[in-house]
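Working through the structure, step by step
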Amino acid sequence: MSKSIQSFNPSNGELLGEVNSASRDEVVQTIRQSKSAQKVWKKLPINERVRTIIRAYQHLDQYADSLSELLAREMGKDIRRATGEATGAIYMGQHYAEEAHRALNTRKLSGSTELQYRPLGVVGVISPWNYPVMMANNLIVPALVAGNSVILKPSEETPLIAEAFFGELQKHLPEGVLTILHGDRETGEALVEGDIQMIAFTGSKATGQDIMRRAASKVKRLVMELGGKDPMIVMRDANLEQAARFAVAGSFENSGQMCTSIERIYVDDRIAEKFEQRVTEIANMYQIGPWDMPNVNIGPIINATQHGKIVEQLKDAQQKGATFLLGGIEQPDRYIRPTVITGMTPEMKLETEETFGPVVAITRYSNIDDAIERANASEYGLGAVVFGNQGANEVADELDAGMVGINQGQGGSGDAPWVGAKQSGLGYHGSVDGHRQFAQVKVVSK
Ligand code: NAD
């Protein structure tokens, strides 16, 4: 008998709906169907595949409001952010389709040799709950443009929005080209172990490692977008107001449930007091609440386990001598109030483990080399940020991260890839180079 997965509103525990979880047999069966569909899909000229994908996204436009609302209800982010994600994904679907088209055209090399980008076969996309639409979307589009079929395994925390968004998209693509399989870890494992050729994964490092182990026996292609512990360095001559605003916004965005959340701040001790004071004033203006409450900018934490982990980190920090400038270890159910801590040390979980909650964690430095060393001490290396003027470029140069922002966030321009260094990932996506990772390079000499 197949299991079902229930989905709840994280702000009040209300049951929103349920979906069927795919058994191992169903996973095998779906892969078989996906393979047959891929054989036809890959034969279409790339411009026809791109046209079909763009048209499919255009159909989604009319549902933007209802998709945004469902995303907000199920994941917990406020309606403004949910609308940004849903409409952004509809736009990015089309943009990525065009960009991937350019990326995957055959290239002439010298002599009579050419480099082709050929489909791999069936790609399994496994996605997280924190950006339940955008994260899956970013990996599905280049995979489809390259002529692969895709099986999406969305997070068990947010199956309804995945079903609504990608289920609608699926209706406008040839049958079997995009399939959704719901389930938890077991379904994910069955998909990874199945007869598929690539896994494009976004989620935690621990799950990523498990996927890599299971994928190793058949040397399956991998794109792994994993966790982060982004540092921010605030130098003595930084614009204090700008730095303080960024520190709070970067730590609280998506309730801190973001892979590139600012998780650790190293501030020059000559400006630290003023910086901490301003950060606390700004943080104090943030409001917790459900998705539909006006002026809310920190939503609920996705589930009790995640909430417990954050509180545990706060307690650990307090026991090891940190000072709370705002918030504390007493937190309401389902929410973490805006929290500002100073006196973070390398012994604290707050400095070493992904927090994934609305916490500004600050420490002071007297020597920039120490700040750089601590910033780089993490196993992760997704993003990093430095605020300052003289010497800021040199500091940025030293930071071990895939994406670095100087006096701004780490994201870069629209045609930049999304990429992690160290244990934040393997391979990457986005941009012409990123899209190419969803194809097999084939050198043909005629
Ligand atoms: P998670 O690893 O718990 O789950 C992600 C997905 O993997 C879910 O669909 C889950 O069901 C599935 N899964 C779990 N175990 C599996 C297994 N053994 N085999 C196959 N699939 C399995 O992560 P999460 O809690 O959903 O997401 C939060 C994490 O994602 C954070 O670490 C965050 O930093 C990371 N993240 C990274 C990026 C990025 O771009 N680097 C973006 C968003 C989130």
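The rules behind these values
- Residues numbered from 1 in each chain as written.
- Predicted model: local features only at pLDDT ≥ 70, side-chain atom pairs only at ≥ 80, totals over all residues.
- Heavy atoms only, no water.
- Helix = DSSP H or I, 4+ residues; strand = E, 2+ residues; numbered from the N terminus.
- Buried < 20%, exposed > 50% of the residue type's maximum accessible area, 1.4 Å probe, protein only.
- Expected span 1.5 Å × (residues − 1).
- 1 Å grid on protein atoms, 1.4 Å probe; cavity = no way out; pocket = protein on both sides within 12 Å on 5 of 7 lines; lining within 4 Å.
- Points joined across faces, edges and corners; volume = space filled by probe spheres on them.
- Domains from an automatic or database assignment.
- Axes fitted to C-alpha atoms, helices over the stretch in contact; angles between N-to-C directions.
- Parallel < 35°, antiparallel > 145°, perpendicular 65-115°, else oblique.
- Contact = heavy atoms within 4.5 Å.
- UniProt positions renumbered as here; feature names shortened; annotations may be inferred.
- Near = heavy atom within 4 Å.
- Polar contact = N/O pair within 3.5 Å; in protein donor to acceptor, adjacent residues only side chain to side chain.
- Areas by Shrake-Rupley, 256 points an atom, 1.4 Å probe, with all protein chains shown as cover.
- Sits in = over half its atoms within 2 Å of the grid points.
- Nonpolar A, V, L, I, M, F, W, Y, C, P; charged D, E, K, R; others polar.
- Salt bridge = Lys/Arg side-chain N within 4 Å of Asp/Glu carboxyl O.

Describing unusual backbone geometry
With a phi angle near 70°, Arg334 is a residue other than glycine that sits in the positive phi range. Of note, Arg334 is situated in the loop between strand 12 (323-326) and strand 13 (339-342). The class of Arg334 is partly exposed, set by a relative accessible area of 35%. At Lys422, a position not held by glycine, the phi torsion is positive, near 45°. Position of Lys422 among the secondary structure elements: in strand 18 (residues 421-422). Its relative accessible area of 34% is what places Lys422 among the partly exposed residues.

With respect to helix 6 (residues 159-171)
Its 13 residues place the ends of helix 6 17 Å apart at the C-alpha level, agreeing with the 18 Å of an ideal helix rising 1.5 Å per residue. The complete set of buried residues in helix 6 reads Pro159, Leu160, Ile161, Ala162, Phe165, Phe166, Gly167, Glu168 and Leu169.

Details of the layout of surface pockets
One number sums up the size of the largest pocket: a volume of about 1200 Å³. In this structure, the largest pocket is lined by 45 residues; those nearest its centre are Trp129, Phe201, Gly203, Ser204 and Thr207. Of all elements in the fold, only helix 7 (185-193), strand 8 (198-202), helix 8 (205-216) and helix 11 (304-319) reach the threshold of two or more residues within the lining of the largest pocket. Tallying contributions element by element places helix 8 first for the lining of the largest pocket, with seven residues. Counting residues domain by domain, the lining of the largest pocket receives three or more from each of domain 1 (4-226 + 424-445) and domain 2 (230-415). Looking at the second largest pocket, its volume works out to about 750 Å³. Forming the walls of the second largest pocket are 31 residues, and the residues nearest its centre are Met134, Met135, Thr260, Gly411 and Trp418.

Some thoughts on the packing of helix 2 (residues 46-60) against helix 4 (residues 79-104)
The relative placement of two packed helices comes down to the angle between their axes together with the axis-to-axis distance. Where helix 2 meets helix 4, the closest approach of the two axes is 8 Å, and the angle between their N-to-C directions is 175°. Considering their axes alone, helix 2 and helix 4 lie roughly antiparallel with respect to each other. Between helix 2 and helix 4, the residues in contact are Ile46, Asn47, Val50, Ile53, Ile54, Tyr57, Gln58 and Leu60 and Ala89, Ile90, Gly93, Gln94, Ala97, Glu98, His101 and Leu104, respectively.

Some remarks on the UniProt feature "domain: Aldehyde dehydrogenase" (unreviewed entry) in the protein chain
Summarizing the sequence annotation, UniProt attributes the feature "domain: Aldehyde dehydrogenase" (unreviewed entry) to residues 3-444 in the numbering used throughout. Between the C-alpha atoms that bound residues 3-444 the distance is 48 Å, and the span itself is 41% helix and 20% strand.

Quick notes on the site of the ligand
Lining the immediate surroundings of the ligand are 30 residues, of which Lys153, Glu156, Ser204, Leu226 and Glu354 lie closest. In this structure, Glu156 approaches the ligand through a side-chain N or O atom, which is 2.6 Å from an oxygen atom. Here Gly203 contributes a backbone N or O atom positioned 3.4 Å from an oxygen atom of the ligand. Protein burial of the ligand: of its 850 Å² of free accessible surface, 92% is covered by the chains. When each cavity is represented as a set of grid points, the ligand is found to reside in the largest pocket. Mapped onto the shell around the ligand, the elements with two or more residues apiece are helix 7, strand 8 and helix 8. Residues belonging to the shell around the ligand are distributed by class as follows: 12 nonpolar, 10 polar and eight charged.

Some details on the pattern of salt bridges
By the definition in use, this model includes 29 salt bridges. Asp210 is the salt-bridge partner of Arg213, the closest N and O atoms lying 4.0 Å from each other. Of this pair, Arg213 and Asp210 both sit in helix 8, three residues apart, which is roughly one turn of that helix. By relative accessible area, which is 58% here, Arg213 ends up exposed. Residue Glu241 pairs with Arg278 through a salt bridge whose shortest N-O separation is 2.7 Å. Remark: Arg278 occurs in helix 10 (residues 272-283) and Glu241 occurs in helix 9 (residues 240-252); sequence separation between them is 37 residues. Taken together, the shared-partner salt bridges connect Arg24, Arg185, Glu189, Glu193, Asp210, Arg213 and Arg214 into one network.

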